[in-house]
Structure formats: structure tokens, C-alpha cells
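Examination of the molecular architecture
For reference, the chains in residue letters:
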Amino acid sequence: MHFFSHLEPYAGDPILGLNEAYLADARPHKVNLSIGIYFDDAGRIPVLESVHQAEAAMLAECAPKPYLPMEGAAAARSAVQALLFGSEHAALAAGRVATLQTVGSSGGLKIGADFVRRWLPTSEVWISDPSWENHRAMFEGAGIAVHSYPYYDAARGGVRFDAMCEALSALPRRSVVLLHACCHNPTGVDLGAAQWRALVPIVRERALLPFLDLAYQGYGEGLAEDAFAPRLLADAGLTFLVVNSFSKSMSVYGERAGALSAVCADRAEAELVLGQLKATVRRNYSSPPMHAAAIVSRVLGEPALRARWEAEVGAMRERILAMRRRLHAVLSARKPGRDFGYILGQRGMFSYTGLAPAQVDRLREAHAVYLLRSGRICVAGLNNGNVERAAEAIAAVID
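Cut-offs used in this document
- Residues numbered from 1 in each chain as written.
- Predicted model: local features only at pLDDT ≥ 70, side-chain atom pairs only at ≥ 80, totals over all residues.
- Heavy atoms only, no water.
- Helix = DSSP H or I, 4+ residues; strand = E, 2+ residues; numbered from the N terminus.
- Rg over C-alpha atoms; globule rule 2.2 N^0.38 Å.
- Buried < 20%, exposed > 50% of the residue type's maximum accessible area, 1.4 Å probe, protein only.
- Axes fitted to C-alpha atoms, helices over the stretch in contact; angles between N-to-C directions.
- Parallel < 35°, antiparallel > 145°, perpendicular 65-115°, else oblique.
- Left-handed = near helix turned anticlockwise from the far one by under 90°.
- Contact = heavy atoms within 4.5 Å.
- Nonpolar A, V, L, I, M, F, W, Y, C, P; charged D, E, K, R; others polar.
- Expected span 1.5 Å × (residues − 1).
- Phe/Tyr/Trp six-rings, centres within 6.5 Å; stacked < 30°, edge-to-face > 60°.
- Lys NZ or Arg CZ within 6 Å of the ring centre and 35° of its normal.
- Core = buried A, V, L, I, M, F, W, Y, C linked by side-chain atoms within 4.5 Å.

A short note on the overall build of the chain
- What the chain contains, in helices and strands, is 15 helices and 13 strands.
- At 21 Å, the chain has a C-alpha radius of gyration in line with the 21 Å of a compact globule built from 399 residues.
- Principal-axis analysis of the C-alpha atoms places the extent of the chain at approximately 60 × 60 × 55 Å.
- The proportion of buried residues among the 399 residues of the chain is 55%.

Describing the packing of helix H7 (residues 161-169) against helix H8 (residues 193-206)
- For the pair H7 and H8, the least separation of the axes is 10 Å and the interaxial angle reads 15 degrees. Of the possible angle classes, the one that applies to H7 and H8 is roughly parallel. In terms of crossing hand, the pair formed by H7 and H8 is right-handed. Contacts between H7 and H8 involve Phe161, Met164, Cys165, Leu168 and Ser169 from the former and Gln195, Ala198, Leu199, Ile202 and Arg206 from the latter.
- When the residues that make up the contact of H7 with H8 are grouped by side-chain class, the tally is 7 nonpolar, 2 polar and 1 charged.

Comments concerning helix H5 (residues 104-119)
- Taking 1.5 Å per residue, 16 residues should reach 22 Å; H5 reaches 23 Å between its end C-alpha atoms and fits that length.
- Listing the buried residues of H5 in full gives Gly104, Ser105, Ser106, Gly107, Gly108, Leu109, Ile111, Gly112, Ala113, Phe115 and Val116.

Some points on the packing of aromatic side chains
- Scanning the model with the defined rule gives 8 aromatic pairs in all.
- Taking the centre distance of 5.6 Å and the plane angle of 90 degrees together, the rings of Tyr216 and Phe350 count as edge-to-face. Of this pair, Tyr216 sits in the loop between strand E8 (209-214) and helix H9 (228-235) while Phe350 sits in strand E11 (residues 350-352), and the two are 134 residues apart along the sequence. An identical accessibility class is assigned to Tyr216 and Phe350; each is buried.
- Centroid distance Phe340 to Tyr342: 6.4 Å. Interplanar angle 50 degrees. Geometry classified as tilted.
- On the basis of relative accessibility, which here comes to 3%, the residue Phe340 falls in the buried class.
- What makes Tyr342 partly exposed here is its relative accessible area of 21%.
- Between the NZ or CZ atom of Lys30 and the centre of the ring of Tyr22, over which it lies, the distance is 4.5 Å.

Considering the nonpolar core
- Judged by nonpolar contacts, the single largest core of 107 residues is most densely connected at Met164, Leu168, Leu199, Phe246, Met250, Trp309 and Leu327.
- Sort the elements by how many residues they give to this core and helix H12 (residues 303-334) lands first, with 9 residues.
- Setting aside its immediate chain neighbours within four residues, Met164 contacts Tyr149, Pro150, Tyr151, Leu179, Leu191 and Leu199.
- Core analysis: the second largest hydrophobic core is formed by 29 residues, Ala98, Phe115, Val273 and Val281 among them.

Any link to function would need more than the numbers given here.
Structure follows, in C-alpha cells:
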């Protein structure tokens, strides 16, 4: 009997598919600016010394490996809360924050989406235009209708903030609004502090539920600076969800180290939320991975490792900034009539180049430079050995 012959073929993920095409390309001068992974100047995924030391200590202990609780390791959860909000934040002291260790920030998005579908069944989700492709898939996969609000201004390379505010001000009450806390993926264009403050009264008046995605903390301006949005919303007494990831900041992609936090009205509500989030985890993957939790709690909890990690994150951030400056310099020299200032104004790993799909195809076919057809590049894929060639290739396809 053929139970599954009616299935539609899976077209594949466009980012992962492009990365596979890059790996299959035999041209020695190829450049991969597609996948969102931080590479060092030698083109390798780095092993951070802070993480290496933490893992060495973990292996030396040779401790048992029982199942973690559904909510994850207590030490890792506490460390995440302090990183997001600051250890002395009033919301933490009041017990208003419920935090789960999750299977990466994607696992946090999945748990959050299922939670919203179960307990806010009439709420729909709004994401930025554009947003990370998987945001829509995650919420639609949970059975939630997903819409877009205005965000990126292609003409200016900035944010359509007035249009964004107008759209959010018209949303139905109890709508869920997905917001990138920093290092917007895919554009690299972030809200400024004044703009975040301007959103607070809109969120309060319309009774909206912000859902922050903070996957790149430390890659924008700094670890504390990049947590501005969740700290601001918590200071304002708002209820919201936030997912965060250590894939990039600790270079532990395959460990799936992430968390989901719910900032609630009071301690009693936070306890209710934590209980139902645990039930949601049980229905999904039962409990999160121990190794990921141990890395996070050791690196964040031991002062010497924490200091080394912060320095390593700072070095990664500075390398990305250096590549932005070099890309801007070469493009400006090759195309003196064009303004490439947007490259310097964007933050984090990604940059929207403004290239059309046909130009992206020419880059791949004629120059072996791989990027998404949206024109998004991963700046962390550039290094001193390929940045000039990549920039010259981009200049060659610009009309």
C-alpha cells in the first residue's frame, strides 16, 4: 500500500540549497556570501577559546548525563536572563520573567508559536517586510495567519518607520508583532533607540504582544547595547516574548543553544506561563540538550571565561565592521557615481545590496560569488583574501 505517494516533493530551503550549490562549485576563487554563519579571516568557523576551555572542564568532570527538566538547566536559564536584562533588572527581582532553555532560537520560535496558537487562538502574527524566511514558516506551521508590516525602505536603505507605526496602530488588539531586536535579518537595518521608544505607547494602546528575535546579540554595537529593546520593553512594564541564540555569539551552531523568555505582568502570571511553556516542550522534544546548557552556563557564569568570551565577541564584531568598510571602499572606488553608504549604516552579519535577482544570478554564474536572490549578503563571509574580488564582481554586475 502506498500511504505517501500523494506527497508533494520538497523544494528545499533556498539558503541551504544555495550553500549546497556553492560546495559543489569546483571554481577555486568562489565566494560564499549566502549562509548566515560567522567565518573568521581564514574562512573557517572559529572555535572560541572561551568555549574550548568550558568544554575541556566539562569533559574532565566526566559527569552523568541525565535528562534535563523540560524547562532546561537552571544555571543556563538564569545566565540567559542576566544577559538579556542585566542581573539587577526589576523584572527579574519581581519574578516577572519565565525562561526556557530551547533547541536554538528556532526551537524557541516554535515553542512560542505553539504557545500563542494554544492560548491566544484568535491572535494573528505580523512580521517585517522583509523578514527571515523561516519566521513566516514557523508561525504558519503552527496554524497562525501571518501578515507583514512595512519596514525596509529600498529607496533610502532605511526603515519606513512612519508607515510601520501607522500599520501597527491599526492592528487588532492582542495581535502578535515579530520584531528584530538588533541586526535585522535580512536587511541589516535596525530601529534606533528613539524609534523603539516611540513603539512603546503603540504597543500599550493597541494591547499588542511583541515577539522579539535576538539571534545576533553582540554583533551590532555590543552585548549590553544590543539588548536595548528587551530591556526597554521590560522597563515599560509590557508583556512580551523574546528568543535568543548563542549560535553566532559562541560559535556553537550545531549545539542548538537558545532560549525563550516571557516577560509577564507579575510573578503569578509568569508561573502560569512557565508551566504551559513546559507542557509545550513536552509535546515537542520533551527536554533540551545538556551539553548546550553546560557551555552557556559555564561561559556566562565563570568570570574569566565570561571576560574572554566578551573579548572574542568584540573581535568578531570588529572584523565584520572592517569587512563592511573594505567592501564600501572598493565599491565606491569602482563606481564613483553611486552611493554605497548604506553598507556602513547597516549592522550585524547581513547587508541588503539592492541587487536584482538577475544581477545575483550573473554574480554566481560569471564570478562564482554566491548570495541570496533577494540581494542579501552575509558580510561575515568576506575576508581579507576575498573581499576585493567579491566587491569588484558586485561592481561588474551593477549597471
